[in-house]
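Fold and geometry: a report
The chain contents come next:
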Amino acid sequence: MISLVMHKFIILTGLSALLLTPCKSEKLTELEKWNVSSPAPEIAESIVKKTSDPIEMLSTHLSLIPSNQINLSEQKFAKTPLTENQAEKATQMILASRLATLRVQRKQEFEEKVVKHGSKTMRYEFKTYGDVPKGGHSLYISMHGGGGAPARVNDQQWRNQIKLYRPKEGIYVAPRAPTNTWNLWHQSHIDPMFDQLIADFITFKQINPNRVYIMGYSAGGDGTYQLAPRMADRWAGAAMMAGHPGDAKTWNLRNLAFIIQCGGKDHAYDRAKLCAKWGKKLDQLAKQDPGGYSHKAIIYPKYGHWMNLECKQAVPWMAKHTRNPWPKKLHWYQDNVTQTRFHWLSNRQAKPKQLITAEVRENTITLNNPAAAIEHSSSKRVGYFTPIGVITLRLSDKLLDLNKVIIVKNNLGKVMLEKKVQRNILSIYESILTRPDHTSVSTATVTIKSRMADAGGGHIVAISSVAGRIGAPLRTAYSAAKFGLIGYMDALRTEVDRSHNIKVTNILPGSVATDVSRNALAADGSKR
């Protein structure tokens, strides 16, 4: 055992760090307790070398303070294959560590009832209703109206929203939008702020992550139209009241319970008309895709923008639904505000207008190109979508059997991957680091790189030369090569343009004034 002095405390560091009596009477913060109970990194490393058990190694790693921890991506034990039981133990350990960190980092903000992101601050109020059920309270996020108006107007709308709805059970949160713009609920900072809000209530109130609901009235309804599909993998249900859909799309709603309500006389911005249109579109999608697109659309003929609280039925309707974090089929469309994670898919190079459809049958995953869901778009061209070059599959035994070989195919039936994918600590850690949600933790990951055709299209650019159009003296072989390249690319264009949405472009630069000819060598290597 080695004796060390840290933070005015005497500690003994070994396999398990023991905290002795403080030098003087004072109360420890959570962070101080964490610091003084951590073994020195060199001792921890020696312990790791004496065991081959990845769970023991993880335990030692987590016992270190963050500044002493070596990045898990650099440690062999983090990539060691795990059994299903080991993966569950690792999940519990990493989640406990992550929640302990968040309790320290977010304590002040939670007590102040604010969420901060960059220069933006979102205040909120919340009320708790009913007894805590098994699995934790539900969480309702309710967005106020207002929009492009002075702060005092939006403040009043916020105060109204705080008391507007009342679930029988759950924590009802009414946030105050960080801005006063017309699109106050669907700007790009809202997504990460809501992610943080959910994480905070998981951390401090132990809410059930599979029973989180989003709802909003008027400008808040606009936000619901946008955020329900954008963050569909976070919600168990969504309720849109008296809003406008803007450019929102329906793809991502396949596994989300969605209720739309609007007054029949709410003609401003065609709200009533568009509400009815969305209801019919969801009717059609649910009919075409049995098991998907659970929804309800209600138009109240006698009401205008205010529905006299008839819309409160949305709360018990949503409460009947629970999120499935591992759906067997999903569509993922990237809006102008992109996401890097959606259910069991991950896209770290996300770009607007990317679309992928993924489906699991037994141990086979099929990844479809945009043509499979073209009916959702106002455009009938596959080229409307941005190609996806790389997609990561976030896997778990809750989705398929990781003890068996996994097969990944494209929509044409071509096998893109066929192998066993191993559970590992690094995948678990990265999953929990992004979301402290124990129900959606991936225990294994595999990255699929698509060919251009599989990805839905692309663009090939060839650099040729003007000499490929106009023969140049003393450049016979050079001109022939450039003519050949242009001919090759022209022929390729006819094969891939319409059939695979792959564009082909030839660029023909002219001569550049340099001394390359003057300095050229003769065949024997001598100067000319």
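Residues numbered from 1 in each chain as written. Predicted model: local features only at pLDDT ≥ 70, side-chain atom pairs only at ≥ 80, totals over all residues. Heavy atoms only, no water.

Attention shifts here to the overall build of the protein chain. Scanning the protein chain from terminus to terminus reveals 13 helices and 22 strands. Out of the 528 residues belonging to the protein chain, those deemed buried represent 49%. The long-range fraction of contacts in the protein chain, counting pairs at least 24 apart against all pairs at least 6 apart in sequence, stands at 66%. Looking at the protein chain as shown, the accessible area adds up to about 26,200 Å², and 53% of this sits on carbon and sulfur atoms. (Helix = DSSP H or I, 4+ residues; strand = E, 2+ residues; numbered from the N terminus. Buried < 20%, exposed > 50% of the residue type's maximum accessible area, 1.4 Å probe, protein only. Contact = heavy atoms within 4.5 Å. Areas by Shrake-Rupley, 256 points an atom, 1.4 Å probe, with all protein chains shown as cover.)

Here lysine 134 is to be found in the loop between strand E5 (120–129) and strand E6 (139–143). When the C-alpha atoms of lysine 134 and asparagine 208 are compared, they prove to be 8.9 Å apart, with 74 residues separating the residues in sequence.

Despite not being glycine, aspartate 270 has its phi angle at roughly 60°, a positive value. For aspartate 270, the position within the fold is in the loop between strand E10 (257–263) and helix H9 (271–288). Looking at aspartate 270, the relative accessible area reads 42%, which means it is partly exposed. One non-glycine residue, tyrosine 293, lies in positive phi territory at about 60°. Judged by relative accessible area, tyrosine 293 falls into the buried class, the value being 3%.

On to helix H3 (residues 54–63), then. The buried fraction of H3 amounts to 7 of the 10 residues, a majority that puts the element mostly inside the structure. When H3 is considered as a whole, its buried residues turn out to be Pro54, Ile55, Met57, Leu58, Thr60, His61 and Leu62. With a side-chain oxygen positioned 2.9 Å from the backbone nitrogen of isoleucine 55, the residue opening H3 is aspartate 53. (Polar contact = N/O pair within 3.5 Å; in protein donor to acceptor, adjacent residues only side chain to side chain.)

Turning our eyes to something else, we now look at the packing of aromatic side chains. In this structure the tally under the stated criterion is 17 aromatic pairs. Taking 5.2 Å as the distance between ring centres and 75° as the angle between the ring planes, the aromatic pair formed by phenylalanine 110 and phenylalanine 201 counts as edge-to-face. With a gap of 91 residues between them, phenylalanine 110 in helix H5 (residues 107–112) and phenylalanine 201 in helix H7 (residues 190–205) connect regions that are remote in the sequence. Of the two residues examined, phenylalanine 110 and phenylalanine 201, each falls in the buried class. Cluster of aromatic residues (ring-pair linked, three or more members): Phe110, Tyr124, Phe126, Phe201 and Phe204. The cationic tip of lysine 281 hangs over the ring face of tryptophan 278; the distance from NZ or CZ to the ring centre is 5.8 Å. (Phe/Tyr/Trp six-rings, centres within 6.5 Å; stacked < 30°, edge-to-face > 60°. Lys NZ or Arg CZ within 6 Å of the ring centre and 35° of its normal.)

What follows covers the pairing of strand E17 (residues 390–395). Burial runs high along E17: 5 of the 6 residues are buried. Where strand E14 (residues 345–346) meets E17, 2 bridges bridge the pair, whose relative direction is antiparallel. Bridge pairing links serine 346 to threonine 392 in E17. The pairing of E17 with strand E20 (residues 444–449) spans 6 bridges and is classified as antiparallel. Note that in E20 the partner of leucine 393 across the bridge is valine 446. (Pairing = 2+ DSSP bridges.)

Here the focus is the sheet that holds strand E19 (residues 415–419). Sheet architecture is open: 5 strands sit in the order E12-E15-E16-E18-E19, paired in mixed fashion. Pairing within the sheet leaves two strands with one partner each, and these edge strands are strand E12 (329–333) and E19. Put simply, the sheet's adjacent strands are angled 15° from each other on average, direction ignored. Here strand E18 (residues 406–410) runs beside E19; their pairing, made up of 4 bridges, is antiparallel. When the sheet's bridge partners are listed, valine 408 is paired in E19 with leucine 417. (Axes fitted to C-alpha atoms, helices over the stretch in contact; angles between N-to-C directions.)

Taking 1.5 Å per residue as the helical rise, helix H6 (residues 151–162) with its 12 residues ought to reach 16 Å, and the 17 Å between its terminal C-alpha atoms agrees with that figure. By the burial criterion, the buried members of H6 are Asn154, Asp155, Trp158, Gln161 and Ile162. With its buried residues spanning 120° around the axis, H6 presents them on a single face. Elements that come into contact with the buried residues of H6 comprise E5, E6, strand E7 (170–175) and strand E8 (212–217). (Expected span 1.5 Å × (residues − 1). Arc of directions from axis to C-beta.)

Formed by 86 residues in total, the largest nonpolar core has its most connected members in Phe194, Phe258, Trp344, Ile365 and Leu393. The biggest single contributor to this core is H7, with 7 residues. Residues contacting isoleucine 365, with those up to four places away along its chain left out, are Trp344, Glu359, Val360, Leu393, Leu395, Leu400, Ile406, Ile407, Val408 and Lys409. (Core = buried A, V, L, I, M, F, W, Y, C linked by side-chain atoms within 4.5 Å.)

Right, let's talk about the packing of helix H4 (residues 84–105) against H7 for a bit. At a minimum axis distance of 10 Å, the contact between H4 and H7 shows a crossing angle of 100°. Compared by their axis directions, H4 and H7 come out roughly perpendicular. Touching Leu99, Leu102 and Arg103 of H4 are Ile202, Thr203 and Phe204, all from H7. Of the residues belonging to the contact of H4 with H7, the class tally is 4 nonpolar, 1 polar and 1 charged. (Parallel < 35°, antiparallel > 145°, perpendicular 65-115°, else oblique. Nonpolar A, V, L, I, M, F, W, Y, C, P; charged D, E, K, R; others polar.)

On to the pattern of salt bridges. Applying the stated rule across the entire model yields 17 salt bridges. The salt bridge involving arginine 176 is made with aspartate 155; its shortest N-O contact spans 2.7 Å. Taken together, the residues span a long stretch of sequence, with arginine 176 in the loop between E7 and H7 and aspartate 155 in helix H6 at a distance of 21 residues. Judged by its relative accessible area of 5%, arginine 176 falls in the buried class. Take aspartate 155: its relative accessible area is 18%, and that puts it in the buried class. (Salt bridge = Lys/Arg side-chain N within 4 Å of Asp/Glu carboxyl O.)

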